[in-house]
Each structure stands twice: as structure tokens, then as C-alpha cells.
Amino acid sequence: MRLILMGPPGAGKGTQATSVADHFGIPAISTGDIFRANVSQGTELGVEAKRFMDAGDYVPDEVTNKMVRNRIDEPDAKPGFLLDGYPRTTAQVEELDGMITFTGHKLDAAVVLTVDADELVARLLQRAQTEGRADDTEDVIRKRQDLYTEQTEPLIELYRARGILVEVDGMGTVDEVTARIFAALDIIPES
């Protein structure tokens, strides 16, 4: 199964990615986790990514695309993968299409979690306190929401037009949302 998990910051993508990936026996690939790991390790990529992350901006496509290509080429991603946080722009969609087509497969579904905007801000501020994430200030949260609306929401319509969009209500308990995702995906044939 080759999946994308989409939704605004705070929608629960990271929380759901692990369960969904385990369910299908595929790796969950989170660009945010990879960026944060590089930042904490002080790698060259981490230093570059931190500059953009601290400002609430997206890391440039060329850096992100290379990182994703390298990751989905790893052996554990051969049977499939779940991408969390990628693609975020139409240019990244085109890049991903090329990566997947090269393997002889196709994207099976693009899952989007929908959550009330006020709930998103509350979730992210809570996460910032409990996890000590300096990149989750209220100003940065609002900037990310604006960027999501401007750059990523158009992908929802793109995947809807392709007939692979799966919209899931992201409100409720983690288990309730997980059950909704499984119910929607278990009926989709794998490529």
C-alpha cells in the first residue's frame, strides 16, 4: 500500500501514521521527524532545515524531494509506505508521481484528516508544552495554518480529481479516528 496522510498541522497525522503503517506492514515516513532528527544531530541538512522550521516556513523542495526519494528507495519501503508531511505542494506531487511511477506502482490513496481550526491551535499549544517543541509557538502555528491553506489544500482537490482522496473526520479520540481510517482504507485495493 502506498499512502499519503494529509491534514493541517495538529490534525493528528503523526499520531495516526504509526497505527496505519503498522496495520499495512509498511514504514511511516515523516518528513517532520526526519528534519527534527537532523536538527538535533546538528547535520548539514538539520542546520539548513532548522532555519526554515524556526520561521514556520517549509524546507525547500529540492532538499525535501531528495530526502524522500532516498527514503522510499530503502528496502523496507519496497512493499509500500505511508508519507506524513509530503507532498505539500503541487511541484512535490509531480516529483512523487515520478518516484512512484519509476517503481511500477501508483499511489493507492491520499488520506486527509479534517479537524476544526480552533481545535488545531489548542492541540498544538498543548503539544508544545508537553513535548517542549520550540517550533510550536502560537505565531508559528498560525503561519503554518496559512501556508497549509495556501499551498497544501489545493492538493486535496488534485487527489479528489484523481479519485484517490479519502476524507476522514479527525475529531474524537485517537482510537475513533484510527477506526475511521481503517474502515476507509481496508476496501482499497493495493497497487
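These numbers come from a predicted model, not from an experiment. Every residue gets a number counted from 1 within its own chain, in the order that chain's sequence is written. The predicted origin of the model limits local features to residues at a pLDDT of at least 70 and limits the giving and counting of side-chain atom pairs to 80 or more, whereas totals for whole chains, interfaces and linings rest on all residues. Only hydrogens and water are removed before side-chain values are computed, so all heavy atoms of the structure are retained for them.

So, the layout of surface pockets
Step number 1: In this analysis the probe radius is 1.4 Å and the grid spacing 1 Å, with only protein atoms considered; a cavity is a set of points the probe fits into but cannot get out of, a pocket is an open set with protein on both sides within 12 Å along at least five of seven lines, and lining residues have an atom within 4 Å of a point. Grid points are joined across faces, edges and corners, and a volume is the space filled by probe spheres set on the points. Taken as a whole, the second largest pocket spans an internal volume of roughly 160 Å³.
Step number 2: If you go around the second largest pocket, the residues you meet are Arg-2, Ile-72, Asp-73, Ala-77, Lys-78, Phe-81, Met-99, Ile-100, Phe-102, Thr-103 and His-105.
Step number 3: Counting from the N terminus, the helices are DSSP H or I runs at least four residues long and the strands are E runs at least two residues long. If you tally residues by element for the lining of the second largest pocket, the top one is helix 5 (residues 90–102), at three residues.
Step number 4: Broken down by class, the residue content of the lining of the second largest pocket amounts to six nonpolar, two polar and three charged. Residues were grouped as follows: Ala, Val, Leu, Ile, Met, Phe, Trp, Tyr, Cys and Pro as nonpolar; Asp, Glu, Lys and Arg as charged; and all remaining residues, including Gly, as polar.

Remarks on the confidence of the model for the chain
Low pLDDT marks regions whose predicted coordinates should not be analysed in detail.
Step number 1: Values of pLDDT, ranging from 0 to 100, describe the predictor's confidence in every residue of the model. Predicted confidence across the chain gives a mean pLDDT of 89, with 99% of residues reaching 70 or more.
Step number 2: By mean pLDDT, the top-scoring element of the chain is strand 5 (residues 165–169) (97), and the lowest-scoring one is helix 2 (residues 31–41) (80).

Looking at the packing of helix 5 against helix 7 (residues 138–162)
Step number 1: It is the contact of helix 5 with helix 7, at a shortest axis distance of 10 Å, that shows an interaxial angle of 40°. For the element pair helix 5 / helix 7, the angle class is oblique. Crossing hand, helix 5 versus helix 7: right-handed. Between helix 5 and helix 7, the residues in contact are Thr-90, Val-93, Leu-96 and Asp-97 and Leu-155, Leu-158, Tyr-159 and Arg-162, respectively.
Step number 2: Here the residues of the contact of helix 5 with helix 7 sort into five nonpolar, one polar and two charged. Inter-axis angles, ranging from 0 to 180 degrees, are taken between N-to-C directions of lines fitted to C-alpha atoms, where helices are fitted over the stretch in contact. Oblique is the label for any angle not under 35 degrees, not over 145, and not in the 65 to 115 range, which are roughly parallel, roughly antiparallel and roughly perpendicular in turn. By the definition used in this description, the sense in which the near helix is turned from the far one sets the handedness, with an anticlockwise turn below a right angle giving left-handed and a clockwise turn giving right-handed. By definition, residues are in contact when any of their heavy atoms lie within 4.5 Å.

Re the pattern of salt bridges
Step number 1: The term salt bridge refers to a pairing of a side-chain nitrogen on Lys or Arg with a carboxyl oxygen on Asp or Glu at a separation within 4 Å. Evaluated as defined, the whole model comprises 11 salt bridges.
Step number 2: Ionic pairing is found between Arg-69 and Glu-95, a salt bridge with its closest N-O pair at 2.2 Å. Taken as a pair, Arg-69 in helix 4 (residues 61–72) and Glu-95 in helix 5 lie far apart in primary sequence, 26 residues in all.
Step number 3: Among the salt bridges present, the one from Glu-74 reaches Arg-71, with a minimum N-O distance of 3.4 Å.
Step number 4: Throughout this description, buried means an accessible area under 20% of the type-specific maximum (1.4 Å probe, protein chains only), exposed means over 50%, and partly exposed covers the range between. Exposure remark for Arg-71: the relative accessible area of 17% places this residue in the buried category.
Step number 5: One connected set of salt bridges, linked through shared partners, spans Arg-71, Glu-74 and Asp-76.

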